[in-house]
Amino acid sequence: MLIDSVTLVVKAGNGGNGVATFRRTAMSAKGGPDGGNGGHGGDVLFQGSNNLNDLHAFRFKKAIRGLNGGDGTKHNGFGKNAEHIIISVPLGTRITDIDTGKIIEIDTVGSPILIARGGKGGFGNFKFKSATNQAPKNRELGYPGELKNIHLELRMIAEIGLIGLPNAGKSSLLTRLTNATPAIGAYPFTTLTPNIGMLGTHAIADIPGLIEGASKGIGLGTKFLKHIEKTKILVHCIDITIDDPLKAYETVRKEFEAYNPKLLEKPEVIFLNKTDLVEENKVREVTKLFEPLHKEIYSGSVLNEEHIDKLKTSLLTLL
Ligand SMILES: Nc1nc2c(ncn2[C@@H]2O[C@H](COP(=O)(O)OP(=O)(O)OP(=O)(O)O)[C@@H](O)[C@H]2O)c(=O)[nH]1
Ligand SMILES: [Mg+2]
């Protein structure tokens, strides 16, 4: 299953404590202050990665903790600054700060982005020495690292989106175009969350079926349509065995329009599926119905290797 939404606590490392110590040597029984400063706590940063497909890695994670800075030592020894932690997330991850609402989109493999800053180290007593106070006993504790409550949501950047009514054969098609192994069932809403597969280096997303009224929350609603906002091509799967294939097409398009009319402008390939179940006549007839749309139309069966290869080639060419 694709894990596309997680909530996490991110706690940066605390600063190390400053210490209060005094020089004690054979020569000076009452030396001056020599307590060193604490080291800085480690930051927690997030960075986009090409090698991750989902938020799987965070499935059982509740919190990410940065490393604490080291405490200061005598002889004005400074505590060690903690190393920063860099967390990899897939491209297309949206990070929302739950408390402030601030949103960061990770869309490139760029430099790491700071999410929680480590705490400053505390000053040791050496730092407090002044003309009027030659033997300060005070020192600072380290400052706490920042704590952020965040929500990670994957807005997947699949290049191809498989769309259509429930039971049209989207998941079946995904298994034939890619190495993915989603559930396939002879009933609507087999797919409840998007599946993803790779055709070479191109990600293809199988989107749960849409039905009339999806934009009003009927069926699974349109919450998964966010996954196709950034796709380059849509493959609209249509079950050729149903009574009114053109109406099936229009139903899905209407829901797109209600969700985000921009989706209607995406290049769309029409795949009339399950041709093995009907007469050749019927295939010709239905294809004619779709011709006025001036889209690329393919017809075939997911059970037919030749048909799938043809579709594959044309998708790769389009990309
Ligand atoms: N005979 C035949 N059956 C097909 C073909 N494609 C899909 N099916 C069958 O149609 C049914 C639905 O297929 P799925 O791939 O689960 O359909 P889906 O569009 O992913 O459905 P949802 O996940 O419910 O939206 C399954 O029983 C498939 O075996 C085809 O080309 N020929
Ligand atoms: Mg499915």
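Residues numbered from 1 in each chain as written. Chains lettered and ligands numbered in written order. Predicted model: local features only at pLDDT ≥ 70, side-chain atom pairs only at ≥ 80, totals over all residues. Heavy atoms only, no water.

### Digging into the coordination of the magnesium ion (ligand 2)
Inference 1: Only S171 (OG) and T191 (OG1) from the protein reach the magnesium ion (ligand 2) as donors, at distances of 1.9 to 2.1 Å. Taken as a pair, S171 in helix α1 (residues 170–177) and T191 in the loop between α1 and β10 (195–199) lie far apart in primary sequence, 20 residues in all.
Inference 2: For S171, a relative accessible area of 8% corresponds to the buried category.
Inference 3: Residue T191 is classed as buried on the basis of its relative accessible area of 9%. (Donors = N, O, S within 2.8 Å, 3.2 Å for Na, K, Ca; no water. Helix = DSSP H or I, 4+ residues; strand = E, 2+ residues; numbered from the N terminus. Buried < 20%, exposed > 50% of the residue type's maximum accessible area, 1.4 Å probe, protein only.)

### Describing the side chain of D43
Inference 1: With respect to the helices and strands, D43 occurs in the loop between β1 (5–11) and β2 (44–49).
Inference 2: R117 is the oppositely charged side chain nearest to the buried, salt-bridge-free D43, at an N-O distance of 4.9 Å.
Inference 3: In contact with D43, not counting residues within four places along its chain, are H84, I85, L114, A116, R117 and G118. (Lys, Arg positive; Asp, Glu negative; His and termini not counted. Salt bridge = Lys/Arg side-chain N within 4 Å of Asp/Glu carboxyl O. Contact = heavy atoms within 4.5 Å.)

### Here's the deal with the site of ligand 1
Inference 1: By nearness alone, 23 residues border ligand 1, and K170, S172, F189, T191 and D276 come closest of all.
Inference 2: Residue G169 places a main-chain N or O atom 2.9 Å away from an oxygen atom belonging to ligand 1.
Inference 3: For ligand 1, the protein covers 88% of the area, taking 660 Å² as the surface of the free molecule.
Inference 4: Ranked by residue count, the leading element in the shell around ligand 1 is α1, at three residues. (Near = heavy atom within 4 Å. Polar contact = N/O pair within 3.5 Å; in protein donor to acceptor, adjacent residues only side chain to side chain. Areas by Shrake-Rupley, 256 points an atom, 1.4 Å probe, with all protein chains shown as cover.)

### Examining the sheet that holds strand β6 (residues 103–106)
Inference 1: Spatially, five strands are ordered β3-β1-β8-β5-β6 in an open sheet, and the strand pairing comes out mixed. The open sheet has two edge strands, β3 (63–65) and β6, and neither has a second partner. Looking at each pair of strands side by side, their axes are set apart by 25° on average, direction ignored.
Inference 2: With four bridges connecting them, strand β5 (residues 93–97) and β6 associate as antiparallel partners. Bridging across to β6, I95 finds its partner in I104. (Pairing = 2+ DSSP bridges. Axes fitted to C-alpha atoms, helices over the stretch in contact; angles between N-to-C directions.)

### Quick word on the sheet that holds β2
Inference 1: An order of β4-β2-β7 is seen for the three strands of this open sheet, with the pairing classed as mixed. A strand with exactly one partner marks an edge of an open sheet, and here the two such strands are β4 (85–90) and β7 (113–116). Between one strand axis and the next, the sheet turns through 40° on average, direction left out of account.
Inference 2: As paired strands, β2 and β4 are joined by six bridges and run parallel to one another. The residue bridging S49 from the neighbouring strand is P90, located in β4.

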